[in-house]
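Examining the three-dimensional arrangement
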Amino acid sequence: MSAARGGPAMRLGGLVRKEFLQIVRDPSSIAIAFLMPIFLLVLFGYGVSLDADHVPIATVADAPSQDSADLFAALHGSHYFDARPMPSMAAAEQALLAGEVRGIVRLRSDFSRRLRQADGAAIQVIVDGVDANTARLVEGYVQGAWSVWLAAQAADAGQTLQMPVDLQPRIWFNSELRSRNYLVPGLVAIIMTLIGALLTALVMAREWERGTMEALMVTPASMSEVLLGKLAAYFVLGTGGMLLTVGLAVGLFAVPLRGSFWVLWGCSSLFLLAALGMGLTISTLARSQFVAGQVAIIATFLPAFLLSGFIFDIGSMPPVVQAITHAIVARYFVAIVQTLFLAGNVWSVIVPNALALALMAALFLGITWRKSRKRLD
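Positions within a chain are numbered from 1, following the residues in the order the chain's sequence is written. This being a predicted model, a pLDDT of at least 70 is required before a residue's local features are given, and a value of 80 or more before pairs of side-chain atoms are given or counted; all residues contribute to the totals for chains, interfaces and linings. Hydrogens and water molecules were not included; the side-chain quantities draw on all heavy atoms of the structure.

The name that an unreviewed UniProt entry assigns to the protein is ABC transporter permease, with the source organism given as Nitrogeniibacter mangrovi. UniProt positions are given in the numbering used here, feature names are shortened, and annotations may be inferred rather than shown by experiment. Here is the UniProt Subcellular location (unreviewed entry) comment for the protein, exactly as written: "Cell membrane". Quoted verbatim from the Sequence similarities (unreviewed entry) field of the UniProt record, the comment on the protein reads "Belongs to the ABC-2 integral membrane protein family."

Details of the overall build of the protein
Helix and strand counts for the protein stand at 14 helices and 4 strands. For the radius of gyration, the atom set is restricted to C-alpha positions; the globular benchmark scales as 2.2 Å times the number of residues to the power 0.38. Taking 21 Å as the expected radius of gyration for a compact globule of 377 residues, we find that the protein reaches 28 Å, considerably beyond that expectation. With the C-alpha coordinates of the protein rotated into their principal frame, the extents come out at 100 × 40 × 40 Å. Relative accessible area decides the class of each residue, using a 1.4 Å probe on protein chains only: under 20% of the type maximum gives buried, over 50% gives exposed, and in between gives partly exposed. Looking at the protein as a whole, 44% of its 377 residues qualify as buried. Here a residue-residue contact requires only that any non-hydrogen atoms of the pair lie within 4.5 Å. Contacts in the protein between residues at least 24 apart in sequence constitute 78% of all its contacts with a sequence separation of at least 6. Only the protein chains shown count as cover for residues, and all accessible areas are computed by the Shrake-Rupley method using a 1.4 Å probe. If you sum the accessible surface of the protein, you get close to 19200 Å²; carbon and sulfur atoms cover 65% of it. A positive count includes Lys and Arg, and a negative count includes Asp and Glu. His and the chain ends are not counted in either. Where a charge lies is defined by one atom per residue type, namely NZ (Lys), CZ (Arg), CG (Asp) and CD (Glu). Side chains of the protein give 27 positive and 24 negative charges; the mean places of these two sets differ by 17 Å. Only DSSP runs of H or I with at least four residues qualify as helices, and only runs of E with at least two residues qualify as strands; both kinds are numbered from the N terminus onward.

Remarks on helix α14 (residues 347-371)
Within an α-helix, residues lying three or four positions from one another point in the same direction, as the helix has 3.6 residues per turn. One less than the residue count of a helix, multiplied by 1.5 Å, gives the span that helix is expected to have. Counted at 1.5 Å a residue, the expected span for α14 with its 25 residues is 36 Å, and the 36 Å between its end C-alpha atoms agrees. Listing the buried residues of α14 in full gives Ile-350, Asn-353, Ala-354, Ala-356, Leu-357, Met-360, Ala-361, Phe-364 and Thr-368. In this fold, the buried residues of α14 make contact with α9 (223-251), α10 (261-285) and α13 (329-342).

Observations regarding a nonpolar patch on the surface
A contiguous nonpolar patch, built from Leu-35, Ile-38, Val-42, Tyr-46 and Leu-252 and spanning about 460 Å² of accessible area, is present on the exposed surface. Tracing the sequence through the fold places Val-42 in helix α2 (residues 27-47). Exposure above 30% relative accessible area and the absence of a salt bridge qualify a residue for a patch, where like charges join within 9 Å and nonpolar side chains (Val, Leu, Ile, Met, Phe, Trp, Tyr) within 5 Å. Put simply, a salt bridge is a Lys or Arg side-chain nitrogen that is within 4 Å of an Asp or Glu carboxyl oxygen.

Brief notes about the nonpolar core
Counting residues in each nonpolar core, the largest one holds 82 residues, and the members touching the most others are Tyr-234, Val-329, Phe-333 and Phe-341. Looking at this core, the element that brings in the most residues is helix α7 (residues 179-210), giving 18 residues. Dropping the residues within four chain positions of it, Phe-341 is found in contact with Pro-185, Val-246, Ala-249, Val-250, Val-255, Pro-256, Leu-257, Arg-258 and Leu-264. Take the buried Ala, Val, Leu, Ile, Met, Phe, Trp, Tyr and Cys residues and link them wherever side-chain atoms come within 4.5 Å; each set so joined is a nonpolar core.

Brief notes about the packing of α7 against α13
Axis definition: a line fitted to C-alpha atoms, limited for helices to the stretch in contact. Angles are taken between N-to-C directions and run from 0 to 180 degrees. Look at α7 against α13: their axes get within 9 Å of each other, and the N-to-C directions meet at 140°. As far as their axial angle goes, α13 and α7 are oblique. Like other packed secondary-structure pairs, α7 and α13 cross with a definite hand, here right-handed. On α13, the residues that touch Asn-181, Tyr-182, Pro-185, Gly-186, Val-188, Ala-189, Met-192 and Thr-193 of α7 are Ala-330, Phe-333, Val-334, Val-337, Gln-338, Phe-341 and Leu-342. Residues that form the contact of α7 with α13 fall into these classes: 11 nonpolar, 4 polar and no charged. In this scheme, roughly parallel covers angles under 35 degrees and roughly antiparallel covers those over 145, while 65 to 115 is roughly perpendicular and the rest are oblique. The handedness criterion is simple: a crossing whose near helix is rotated anticlockwise from the far helix by less than a right angle is left-handed, and one whose near helix is rotated clockwise is right-handed. Throughout, the ten residues Ala, Val, Leu, Ile, Met, Phe, Trp, Tyr, Cys and Pro are labelled nonpolar, Asp, Glu, Lys and Arg are labelled charged, and all others, Gly among them, are labelled polar.

Focus: the environment of Gln-294
Considering the arrangement of structural elements, one finds Gln-294 in helix α11 (residues 289-307). A residue is classified by how much of its surface remains accessible, and Gln-294, at 38% relative accessible area, is partly exposed. Each C-alpha atom of the pair Gln-294 and Leu-194 lies 12 Å from the other, and the pair is 100 residues apart in sequence.

Side note on the packing of aromatic side chains
When two rings of Phe, Tyr or Trp (its six-membered ring) have centres within 6.5 Å they constitute a pair, described as stacked for plane angles under 30 degrees, edge-to-face for angles over 60, and tilted for the intermediate range. Under the criterion given, the structure shown has 12 aromatic pairs. Seen in terms of ring centroids, Phe-81 and Tyr-141 are 6.4 Å apart; in terms of plane orientation they differ by 80°. Their pairing is edge-to-face. Here the residue Phe-81 occupies a position in strand β2 (residues 81-85), and Tyr-141 occupies one in helix α6 (residues 132-156), the gap between them amounting to 60 residues. Assessed through its relative accessible area of 2%, Phe-81 is described here as buried. Plain terms: the ring middles of Trp-172 and Phe-173 are 5.9 Å apart, the flat faces sit at 80° to each other, and that makes the pair edge-to-face.

Thoughts on the domain arrangement of the protein
Segmenting the protein into domains produces domain 1 (16-48 + 178-373) and domain 2 (55-157). Centre-to-centre, using C-alpha coordinates, domain 1 lies 47 Å away from domain 2. Either an automatic procedure or a domain database provided the assignment from which the domain bounds are taken.

Structural notes on unusual backbone geometry
Backbone geometry places Phe-173, a non-glycine residue, at a positive phi of 75°. Along the polypeptide, Phe-173 turns up in the loop between α6 and α7. Looking at Phe-173, the relative accessible area reads 46%, which means it is partly exposed. The phi angle at Ala-254 is positive, at roughly 55°, despite the residue not being glycine.

Focus on the pairing of strand β1 (residues 55-61)
Where burial is concerned, most of β1 is hidden: 7 out of the 7 residues are buried. Neither face of β1 is left uncovered, since the one carrying Val-55, Ile-57, Thr-59 and Ala-61 and the one carrying Pro-56, Ala-58 and Val-60 both have all their residues buried. The pairing criterion for strands is at least two bridges between them, as found by DSSP. Where β1 lies against β2, 5 bridges are found, and the strand directions are parallel. Following the sheet pairing, Ile-57 is matched in β2 by Ala-83. On the question of chirality, the crossover connecting β1 to the parallel β2 by way of helix α3 (residues 66-77) is right-handed. Here is how to tell: hold the view so the strands point away, follow the path from the first strand over the helix to the second, and if it runs clockwise the crossover is right-handed.

Section: the sheet that holds strand β4 (residues 123-127)
In space, the 4 strands of this open sheet follow the order β2-β1-β3-β4, with mixed pairing throughout. Strands with a single pairing partner mark the edges of an open sheet, and in this sheet they are β2 and β4. Here the average twist between neighbouring strands, direction ignored, is 25°.

Next up, the structure:
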C-alpha cells in the first residue's frame, strides 16, 4: 500500500465514514438528534408558560353601582382574567380557599361616593400567594386594568386624568410579553446540550461494550484520529439537530430571529464543540453505556436546565450559586441565543460569551485528548 493511500487524511476519512455507517445502523442516534428536539420543543413550547392568561378571580361589590359594573366589565374584557361575580365577600373567600379563584377584587359600599372625592376610592385586592409568580402578575394586571379604566372614565367625561406622575412604559425586545419568546431560544441550548453530550457520551462506551475498541486499537489510526472521526460525524449530526430546532422555533412558534443567522450558526458550533467535548470526556472515563448516559444527564442536562438562566434568572440566585453558574457551558449559550433571537447582534453580549464557549470547548476537548490512550487498561 502506498503512503498516499494510507495517509492520515485517508484514515480519517475512513473513520468518519465508519461513524456515519454506525449512526445509520443505530436508530437511537438519529432519534436523539432529530426526534428528541421535536418532542422537547413541542412539550416545552406548548406546555410551559410563564404568562398569566384567563386567571380566575372573584369580583365582589358590596353596593353594586354603575361604576362598579363598569370596572368589573373592564376586568371581564381582559384576556388576563376570568372574572367571576360573587354575591358576597364570604362566598369569594370560600372560592379562594377551595382554589376555584386565584384572587378577589372587592369594591366597598362607599366606592362610588369616594371615587369622586379628592382622597379617592380604595380597591381591596386579595391574591393567592401560594404561586408567588402568578400572585405578582395578578396584582400588577389589576393595577393596570384599574389605571386603564380610570383613563377611559376621564376621557368619557372630556377630562384629562390628573396623575402626579405620567408613566409611559415602552417594552423592548419582547413587546408582546410572550414568555414563549423567552423560553424557546433557551430551549435550543438545552436540546443541543442533550444532543451533543448524550450522543458522544455513548459512542466510546458502546465501542468498549461491543468489543470494537480493541479492533480500532490494532489499526494504524492514532487515538487523535479516532477522536476526530467521532467528533466530525457527531458535529454534523448535532448541526442538523440545531438547524431543525432553530427552524421549529421560528416556523412553528413564531419566535423572531432578529440577529444574524450566521452569527447564531457560529456560536452554535462553538457550543456544540463544547458539548461534544463534555460527552467525549464522559465517554473516555465510563466504559458502560448505562453509566455514561446517566452521568451525561446529571452532569450536563440538569445543570443546563437549572443554572443556565433558561428559566430561572441567574441574577436572582445567591452569590455562591451565581459563581457556580460560570462553570456551566449552557449559561453562555443561553445568553447568546436569547440576545440573537430577541435583541439582535449585540456584540457586547455575544463576544465575551462566545470567547467563554471557545475556552470551554478547548478545555473539554483537551481533557478528552489527554485521557485517550491506545491502552486496554
